[in-house]
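Each chain, written out:
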2 protein chains.
Amino acid sequence: MKPCILLIEDDSDMRELVAGHLEHGGFDVQRADDGIKGQALALQYGPDVILLDLMLPKVDGLTLCQRLRRDERTARIPILMITALGGTKDKVSGFNSGADDYLTKPFDLEELMVRVKALLRRSERAPLSSKHNEILSFGSLTLVPERLEAIWFDEPVRLTHLEFELLHCLLQRHGQTVAPSLILKEVWGYEPDDDIETIRVHVRHLRTKLEPDPRKPRFIKTVYGAGYCLELPTGDQIAALEPVMREARAARPAQARAKGGQAA
Amino acid sequence: MKPCILLIEDDSDMRELVAGHLEHGGFDVQRADDGIKGQALALQYGPDVILLDLMLPKVDGLTLCQRLRRDERTARIPILMITALGGTKDKVSGFNSGADDYLTKPFDLEELMVRVKALLRRSERAPLSSKHNEILSFGSLTLVPERLEAIWFDEPVRLTHLEFELLHCLLQRHGQTVAPSLILKEVWGYEPDDDIETIRVHVRHLRTKLEPDPRKPRFIKTVYGAGYCLELPTGDQIAALEPVMREARAARPAQARAKGGQAA
DNA sequence: GACACTCCCGAAGAAATCCTGAAGATGTCC
DNA sequence: GGACATCTTCAGGATTTCTTCGGGAGTGTC
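Throughout what follows, the structure given in this document is the object of discussion.

### Some thoughts on the interface of chain B and chain A
Taken together, the contacts link 18 residues of chain B with 25 residues of chain A. Taken together, the two surfaces of chain B and chain A that pack against each other cover about 1,900 Å², and 50% of this comes from carbon and sulfur. Among the residues of chain B in contact with chain A, V114, R121 and R147 of chain B are the three that bury the most area, contributing 25% of the side total. A salt bridge links E231 of chain A to R147 of chain B; the shortest N-O distance between them is 3.4 Å. Our count for the contact surface shared by chain B and chain A stands at four residue pairs in polar contact (both at pLDDT 80 or more). For the side of chain B that touches chain A, the leading source of residues is helix 5 (residues 109–120) of chain B, giving six residues. Class assignment of the residues belonging to the side of chain B that touches chain A gives a composition of six nonpolar, two polar and 10 charged.

Okay, here's the thing in structure tokens:
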């Protein structure tokens, strides 16, 4: 039985290119060229995965995504969003409408294939959001569990598993100081042990990846004798910080952030 | 069991938008369109979180917030304040009247979600300052155990553990003279020893952080031969003192208050 | 005013906590 | 096995916080 994929994309060239590749890869592909038809087809066929372009006529991708999530019949279908990153912040912060993964144009067809298969695999073993596999967004930060990535001021930052969990833990308690014991329980699953040293190292790694100047943390603050506290910018602060972030990134080699991160 | 949220907002469009999103996110939402109804519903339902708009007919948000805090039955419900103004002034005065978190319009619905969930999680947080976990407020002073901070005349002041405990101890006995032996027992856990010298130093630190002129204490007074006594301004005195505080802060380098405090 | 007592100040030592850099340990992929 | 990424552990140093101490100022009593 071939897995069924719903492809919602208005540009016909792109649509046929992608659809052809998927069909050649052994998938059944349903096509839609706007949001309305997309929603109808999603209900009609109950596809295994939905590929959703962000820019769509009639109903845009974000709205459609939310609608699909709201409807019980389509709520648990994995959605892969296709977008042009680096545009307005609204798009990035809009990932929270319930997508499971994303892909930026232009993308490699093989990479698309890999991601679709990953989504299919995941929906088999983890029927619903068992832990956190939903995209979570807050201001200038977006966490994408599917690819262990943080989109931070419009640029993807690769994280390790523990770094991701740690950041997730702090984000869930944004503005609050989180005690080491709680972090250990949530991220490591430890009990009343106190291996605080390990936390420190991972916090440092997060800082080198996110902070403009890791020596003087702006966002991941430490509260002496109490724990760590995440303080993300909101509203106007985001726009005000953008030049700072850009400059900091230009100063540091990009590879130090994207790949090595801590060792380099 | 769904967590219950009380949403107090006069603008009906905004109210339904937020309420819908929260309900979709798995919350029970009670709605109120003015301060009076809001207070009534808070008592009736005992919600887990209260979303409170600042601009309200009948009773404004700040006043309502203070009232809710004063009433034993609603005192420990987390309050998330929503306002159109982004000025930090309003923000801290929001905290000052007892709010736990703060959001400015326009805000991202997902961000609201994260904050609400963070507030719900508060109960499980590890108490930072050993015993006290709840925001304690009196006039122009608010103690936030969450961050080991005191909001003092609309400006956050970072405290150390002992400073916080000491101030907390004095605030709980506001207007009374607290004997050193009692302070030692409450803050240090000592018994009838007399290490009064240590107390003096910490009182001094508090004074350098809070008093306009630490040499002539206005608020943390010493009662010769008896102990210390906290006397905070009330009512009109607060407004009268604000220019004094502002001037004192401008005269001293900000870093001396926020960071070093005592050593510098 | 002399005296004992209490309190404030500055600073320096002690202790706790945190950061840094780097080295092992482990697991994965080719 | 070797290259690589990740996680943990550790020692040294920097920072923050807490305590202690001597000198001096203030307070109350005789």
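After that view, the rundown keeps rolling.
### Remarks on the protein's contact with DNA strand D
Residues in contact with DNA strand D amount to 22 residues; listed here are only the nearest, T160 and D195 of chain A together with T160, D195 and Y224 of chain B. Restricting attention to atoms of DNA strand D within 4 Å of the protein, one finds that 79% of them are sugar or phosphate atoms. At 2.5 Å, a side-chain N or O of T160 of chain A approaches a phosphate oxygen of DNA strand D. A distance of 3.0 Å is found between a phosphate oxygen of DNA strand D and a side-chain nitrogen or oxygen belonging to W188 of chain B. Listing elements by their share of the surface near DNA strand D, those giving two or more residues are helix 6 (161–172) and helix 8 (196–210) of chain A together with helix 6 (161–172) and helix 8 (196–210) of chain B. The residue makeup of the surface near DNA strand D, split by class, is eight nonpolar, eight polar and six charged.

### Here we look at the sheet that holds strand 12 (residues 227–230) of chain A
All names here are of chain A. Strand order in the open sheet formed by three strands is 10-12-11, with antiparallel pairing between adjacent strands. Two strands close off the open sheet at either side, each with one partner strand: strand 10 (177–178) and strand 11 (220–223). The pairing of strand 10 with strand 12 spans two bridges and is antiparallel. Across the sheet, residue T177 finds its bridge partner in strand 12, namely C229. With respect to the sheet, helix 6 is in contact with strand 10, strand 11 and strand 12, its orientation differing from that of strand 12 by roughly 75°.

### Regarding the protein's contact with DNA strand C
R200, R204 and R215 of chain A together with R204 and Y228 of chain B are the nearest of the 18 residues found near DNA strand C. Of everything in DNA strand C that lies within 4 Å of the protein, sugar and phosphate atoms constitute 60%. Note that a phosphate oxygen of DNA strand C is positioned 2.8 Å from one of the side-chain N or O atoms of R207 of chain B. The set of elements that each furnish at least two residues to the surface near DNA strand C consists of helix 8 of chain A together with helix 8 of chain B.

### Here we look at helix 9 (residues 236–251) of chain A
Residues and elements named next belong to chain A. Taking 1.5 Å as the rise per residue, helix 9 with 16 residues should run 22 Å; its terminal C-alpha atoms sit 24 Å apart, in good agreement. Along its length, helix 9 shows its largest kink, about 35°, at E242, and proline P243 lies within four residues downstream of that point. The set of residues buried in helix 9 consists of I238, L241, E242, M245, A248 and R249.

### Topic: the packing of aromatic side chains
Going through the model one piece at a time under the given rule, you end up with four aromatic pairs over all chains. Look at W152 of chain B and F153 of chain B: their rings are 4.8 Å apart centre to centre, the planes differ by 80°, and that puts the pair in the edge-to-face class. Comparing W152 of chain B with F153 of chain B, the two get one shared label, buried. Summarising the aromatic geometry, the rings of W152 of chain B and F219 of chain B are spaced 5.1 Å apart at their centres and angled 85° between planes, so their arrangement reads as edge-to-face. Here the residue W152 of chain B occupies a position in strand 8 (residues 149–152), and F219 of chain B occupies one in the loop between helix 8 and strand 11 (220–223), the gap between them amounting to 67 residues. Across the pair, exposure class does not vary: W152 of chain B and F219 of chain B are buried alike. Pairwise contacts between aromatic rings join W152, F153 and F219 of chain A into one cluster.

### Here's the deal with the sheet that holds strand 2 (residues 28–32) of chain B
Residue and element names in this part refer to chain B. Here we have five strands laid out as an open sheet, ordered 2-1-3-4-5, and parallel in their pairing. With partners counted over all chains shown, the strands left at the sheet margins are strand 2 and strand 5 (101–104), one partner each. The average angle at which neighbouring strand axes cross in this sheet is 20°, direction not considered. Bridge analysis of strand 4 (residues 79–83) against strand 5 gives four bridges, and the strand direction is parallel. Bridged to L80 within strand 5 is D101. The strands touched by helix 1 (residues 12–24) are strand 1 (4–8), strand 2 and strand 3 (49–53); relative to strand 2, the strand with the most contacts, the crossing angle is about 165°. Packed onto the sheet, helix 3 (residues 61–70) meets strand 1, strand 3 and strand 4 and runs at close to 175° relative to strand 4.

Criteria and thresholds
- Counting restarts for each chain, with residues numbered from 1 along the sequence as it is written.
- Whichever chain is written first is A, and whichever ligand is written first is 1; the rest continue in order.
- At least 70 in pLDDT is required for a residue's local features to be given in this predicted model, at least 80 for side-chain atom pairs to be given and counted, and no such filter applies to totals for whole chains, interfaces and linings, which use all residues.
- The side-chain figures draw on all heavy atoms in the structure; neither hydrogens nor water molecules are used.
- Between two residues, a contact is recorded if the distance between any of their heavy atoms is within 4.5 Å.
- Summed over both partners, the accessible area (1.4 Å probe) lost when two parts come together is defined as the buried area.
- Within this document, salt bridges are pairs made up of a side-chain nitrogen of Lys or Arg and a carboxyl oxygen of Asp or Glu, the two lying within 4 Å of each other.
- Pairing of N or O atoms within 3.5 Å defines a polar contact, subject to two protein rules: one partner must be a possible hydrogen donor and the other a possible acceptor, and residues neighboring in sequence count only if both atoms are side-chain atoms.
- Helix and strand assignments come from DSSP, with helices taken as H or I runs of at least 4 residues and strands as E runs of at least 2, each series counted from the N terminus.
- Under the scheme applied here, ten amino acids are nonpolar (Ala, Val, Leu, Ile, Met, Phe, Trp, Tyr, Cys and Pro), four are charged (Asp, Glu, Lys and Arg), and all others, including Gly, are polar.
- Residue proximity to a molecule or strand is established when one non-hydrogen atom of the residue lies within 4 Å of it.
- One requirement defines pairing of two strands: DSSP has to find at least two bridges between them.
- In this description, a line fitted to the C-alpha atoms serves as the axis of each element, helices being fitted only across the stretch in contact, and the angle between N-to-C directions of two axes falls anywhere from 0 to 180 degrees.
- A helix is expected to span 1.5 Å multiplied by its residue count minus one.
- Here the bend at a residue means the angle between the axes of two seven-residue stretches, the one that ends at it and the one that starts at it.
- The classification of residues rests on relative accessible area computed with a 1.4 Å probe and restricted to protein chains. Under 20% of the type maximum is buried, over 50% is exposed, and intermediate values are partly exposed.
- Whether two aromatic rings pair depends on their centres lying within 6.5 Å, for rings of Phe, Tyr and Trp, where Trp uses its six-membered ring; planes under 30 degrees apart make the pair stacked, over 60 edge-to-face, and the rest tilted.

So, to be careful, I would describe these as geometric facts and stop short of saying anything about function.
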